[in-house]
Amino acid sequence: MSTDLIPDSAFTRAVILYVMLAGALYIPTALSELLTLIQERSKYNHSYKGEIYKEHIIVTGDFDSTSLFEFLREFFCLDHGLATMNTYVVIMHPDEPDEEIVEFLEDPAFVTRVQYIKGTPTWRRSLEKIRADTASAAFLLTKKFSKNGDEDDANQIMRALAIKKYNRKLHIYSQVNLPENVPHFDFLAKDVICIDEITMGLMAQSLVIPGFASLVVLLTTSVTDDTVRNLIRSAKKKPELNWAIEYVRGIKHEIYAVTFSDAFIGKTFLECSELIYSRLGAVLFSIGIYRFTKGCFPNSQLGSDTSPFQIFLNPRNYKIKGNEIGFVICDNAEVTAKMATFNENSRRWYDVTYIAKSAHNLFNRGNRNSKSSKLKSTAPLRPFTQVKIDADDEDDLSDLEDPDIPLIPLCNVKSDEEILRKNLKKAAANIIESEDHEIKDITDHIIICDQSKDFPENLDIFISVLREKNSTCRDMPVIILSNGKPSDTQKRVLKEFGQVYIIKGSPLRRRDLVRVRVNYAKKCVVLSDSSNSEKLYTNADAASLMVALNIESLTNDCYVLVECIYRETFKMIGESDSVKNNEEDYIQALMRPSFMAGNVFTPSNLDTMLCQCFYNRHIPLIMKCLVFSHDIDDKMISPKIERQLNHEWEDLRVDSGHLFCVDVPSHYIGNTYNDLYSYLIKEHQAVPLGLYRCVTHRSGPHNYIYVNPDWDTIVKISDKVYLIASKLPKFTSNSTE
């Protein structure tokens, strides 16, 4: 029986033709829509399904690829131990990840430990997708250059509230933009880092203490032993880069929280600091004390989240009771275990370190005086190297001087002076003498260069640090050069600090820099323009570089600090890399000479500080104590800054010191750093943190930070020492220049 149907009528033929035409028109359209839907379906709309015995944390907020990478790199650093290896990171954001985020999420280091999920923390279903009910912690990142800080902070508060409502036990670590919004997080977040507050404080303190911002970044950034070994190996390939080995050894040091064994009980803080340095190589510079509430016995615990807690920098004669938390600078987390089980009498006669120190002292005792006299002829050094575009040309490296050879000016001073006079003459051509009469005779001042259209916020925090009563910049006049118009309130607040002058103009124009007498200035800071933060890193910092070049062309010995939007800009300022290596970008940024010397800073470094809270929750408090070390009776502190010392703790009679950077005492030049450490502890009750050194690099002076130097490091005449003391030691002048 045949099943073939033949359309033998006009009607059936018309129906078949209609079906064929309809299919030809409809199927491609429907298929195209179907393919589009398949393509648009995000692969990031899934849920987190973690293992039962594997912890996970949440990272959300408003972030870019740079912030996210900085956070993940720090979180998974091997220096934090095995705990992070078993912790999963769940990233939540309402948008698709950009190409840069996708690229590093596919990195073998992250691909099995990080998951990106689309969603918003203010929606309950999204919190269910990321298992917020079982998460260990939540980190809320924010923009580092916000155009509308209040709006961004309001969104951050919404995120924190939603997460806290969903899981009240979850620990939240948050970033906010404006200091006035920090109190909203008192009952929401375990720790809060205010971007504007810390950024302004770090940059201001960097004018008081050269290299301070870089020092803080190094102490809050983890670097693995393998990375350090690779960098040292690269430096050793070029004998002229021997000085860089010291810097590399210093970058592996960070801050660890430790407990005290019974061997320390009854000793003063300074006695403990000297003992710990001589035996363990760690610098004890601070302690934290819990004020125990009724019913809590001092020896039963170190305190709880609700116990009042206060950090003291170098409390000098305070006697250790055993229930304090100590903070040490060291290159290895093993110090935490060694401190807890430390026994003062455990040293044996064959201790290798002890023998090495004794041998060094024996064979070098007679050579110290000659070394000292050799170094005394070192010439003064310029604090800021020439700003120029980095060509990354290794072949044109000049032969560098041995660091022990006296440093002498290698440039043609007369030629430089002629160029400077010519530049000043051109820039001052159209200046009217009657302009800015109130600053016409000002000298040795500080200039704040702002290139944005609006007057910068929170400058009172910046000035407050400069006016702190122990600051060496306390009496320096401050000129703010900005195109923006300050409000009446801003004018009044800034004028209250005294010797603060606001001049309308642009630092992009050399004429305006001459108006504020940049050629007579002692220090300059270049603020970045937040409106450029959404540009590519190739040109986001172009205006800041131009301002730095303008300043350099009009001055001879002005210390310059440049705030950058992107860390990639570091290579554009100063010389090129000192050590070439194949490490990650963040290491390249740390190895730029401009960063080593403390001439650059970027707020993106604050992401590592937030991450460190997961391992050492006291890091933000320690940093605030270093930046805002105002005494209880110091009236120059801005109301926006939470005072680190308060009257509630006066009954303990515990002092807290201040950070200084001073010239090393002349009679210890040529001695070892160990000798200097012991001298400063015993004679001046000061705790040294490291050295600010100077060498000849590419035929010019170059500064760098050496954190917690090796005990046998020889002290040089050009060295400055970072130390924490109650007052400026008397062996030095009142200037850090």
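Residues numbered from 1 in each chain as written. Predicted model: local features only at pLDDT ≥ 70, side-chain atom pairs only at ≥ 80, totals over all residues. Heavy atoms only, no water.

Participant: Can you break down the overall build of the chain residue by residue, with the values?
Facilitator: Scanning the chain for helices and strands turns up 23 helices and 20 strands. In the chain, which comprises 737 residues, the proportion classed as buried is 55%. A fraction of 79% describes how many contacts in the chain between residues 6 or more apart in sequence connect residues 24 or more apart. When the accessible surface of the chain is totalled, it reaches about 34,100 Å², and 51% of it is carbon and sulfur. (Helix = DSSP H or I, 4+ residues; strand = E, 2+ residues; numbered from the N terminus. Buried < 20%, exposed > 50% of the residue type's maximum accessible area, 1.4 Å probe, protein only. Contact = heavy atoms within 4.5 Å. Areas by Shrake-Rupley, 256 points an atom, 1.4 Å probe, with all protein chains shown as cover.)

Participant: Please provide a residue-by-residue account of the sheet that holds strand E2 (residues 87-93), values included.
Facilitator: Whether parallel or antiparallel, the strands of a sheet pair through hydrogen bonds between backbone atoms. Within the open sheet, the 6 strands sit side by side as E3-E2-E1-E4-E5-E6. Their pairing is parallel. Strands with a single pairing partner mark the edges of an open sheet, and in this sheet they are strand E3 (114-118) and strand E6 (191-194). This sheet shows a mean twist of 15 degrees between the axes of neighbouring strands, independent of strand direction. Strand contacts of helix H6 (residues 195-208): strand E5 (171-176) and E6, with the helix running at about 60 degrees to E6, the strand carrying the most contacts. (Pairing = 2+ DSSP bridges. Axes fitted to C-alpha atoms, helices over the stretch in contact; angles between N-to-C directions.)

Participant: Which residues make up a positive patch on the surface, and what values go with them?
Facilitator: Taken together, the side chains of Lys485, Lys491, Lys495 and Lys504 define a basic patch exposed on the protein surface. With respect to the element layout, Lys491 can be found in helix H16 (residues 488-495). (Patch = residues over 30% accessible without salt bridge, like charges linked within 9 Å, V, L, I, M, F, W, Y side chains within 5 Å. Salt bridge = Lys/Arg side-chain N within 4 Å of Asp/Glu carboxyl O. Lys, Arg positive; Asp, Glu negative; His and termini not counted. Charge placed at Lys NZ, Arg CZ, Asp CG, Glu CD.)

Participant: Residues and numbers for the pairing of E5, please.
Facilitator: Judged by how many residues are buried, E5 sits mostly within the fold: 5 of 6 residues are covered. Traced from strand E4 (residues 137-141) through helix H5 (residues 149-166) to E5, the parallel crossover comes out right-handed. Sheet analysis places E5 next to E6, joined by 4 bridges and oriented parallel. Residue pairing for E6: Ser174 is matched across the bridge by Val192. (Right-handed = clockwise from strand over helix to strand, strands pointing away.)

Participant: Tell me about the sheet that holds strand E17 (residues 658-663), and please be specific about residues and values.
Facilitator: Within the open sheet, the 4 strands sit side by side as E17-E20-E18-E19. Their pairing is antiparallel. Each edge of the sheet is formed by a strand with only one pairing partner; in this case those strands are E17 and strand E19 (700-707). Direction aside, the axes of adjacent strands within the sheet are offset by 25 degrees on average. Where E17 lies against strand E20 (residues 720-725), 6 bridges are found, and the strand directions are antiparallel. Paired with Val662 across the two strands is Val721, which belongs to E20. Packed on one face of the sheet, helix H9 (residues 242-251) meets strand E18 (687-697) and E19 and runs near 30 degrees to E19.

Participant: Lay out the nonpolar core in plain terms, naming residues and giving numbers.
Facilitator: In terms of nonpolar packing, the biggest core is built from 184 residues, with Leu72, Ile91, Phe285, Phe462 and Leu466 touching the most fellow members. It is H6 that contributes the most residues to this core, 8 residues altogether. Once residues within four sequence positions are removed from consideration, Leu72 is found in contact with Val89, Ile91, Phe104, Leu105, Phe110 and Val114. (Core = buried A, V, L, I, M, F, W, Y, C linked by side-chain atoms within 4.5 Å.)

Participant: Go over the pattern of salt bridges, please, and point to the residues and values.
Facilitator: Pairs may arise between side chains of opposite charge once their charged atoms sit close together. According to the stated counting rule, one finds 21 salt bridges in the structure shown. Note that Arg316 is salt-bridged to Asp655, the shortest N-O span being 2.5 Å. Highlighted residues: Arg316 in the loop between strand E9 (309-313) and strand E10 (325-330) and Asp655 in the loop between helix H22 (619-627) and E17, separated in sequence by 339 residues. In this structure Arg316 comes out as buried when scored by relative accessible area, which is 17%. A salt bridge links Glu496 to Arg492, with the nearest nitrogen and oxygen atoms 3.4 Å apart.

Participant: I'd love a proper account of the UniProt feature "transmembrane region" (unreviewed entry) in the chain, names of residues and values included.
Facilitator: The residues that UniProt annotates with the feature "transmembrane region" (unreviewed entry) are residues 15-38 and 207-224. From the first C-alpha to the last, residues 207-224 spans 30 Å; its make-up is 56% helix and 0% strand. (UniProt positions renumbered as here; feature names shortened; annotations may be inferred.)

Participant: Describe a negative patch on the surface, naming the residues involved and giving the relevant values.
Facilitator: A cluster of acidic side chains, namely Asp64, Asp98, Glu99, Glu100, Glu103, Glu106 and Asp107, defines a negative patch on the protein surface. Along the chain, Glu106 falls in the loop between helix H3 (99-105) and E3.

Participant: How would you summarise helix H18 (residues 542-554) if you had to cite specific residues and measurements?
Facilitator: Look at H18: 19 Å from first C-alpha to last across 13 residues, which is about the 18 Å you get at 1.5 Å a residue. Taken together, the buried positions of H18 are occupied by Ser544, Leu545, Val547, Ala548, Asn550, Ile551, Glu552, Ser553 and Leu554. (Expected span 1.5 Å × (residues − 1).)

Participant: How would you explain a nonpolar patch on the surface if you had to name every residue and give the values?
Facilitator: A cluster of nonpolar side chains, contributed by Phe11, Val15, Tyr18 and Val19, occupies part of the molecular surface with about 470 Å² of accessible area. Here Tyr18 lies in helix H1 (residues 10-40).

Participant: Report on the pairing of E10, specifying residues and quantitative values.
Facilitator: For E10, the tally of buried residues reaches 6 of 6 residues, placing the bulk of the element in the interior. Alternating residues of E10 divide into Ile325, Phe327 and Ile329 and Gly326, Val328 and Cys330, and every residue in both groups is buried. In this sheet, E10 lies alongside strand E7 (residues 254-258) in antiparallel orientation, the contact comprising 5 bridges. Of the residues in E10, the one forming a bridge with Val258 is Gly326. Here strand E8 (residues 283-290) runs beside E10; their pairing, made up of 5 bridges, is antiparallel.

Participant: Which residues make up the state of the cysteines, and what values go with them?
Facilitator: Going through the model one piece at a time under the given rule, you end up with 0 disulfides. There is no disulfide at Cys524, and the cysteine sulfur nearest it, in Cys558, is 3.5 Å away. (Disulfide = S-S within 2.5 Å.)

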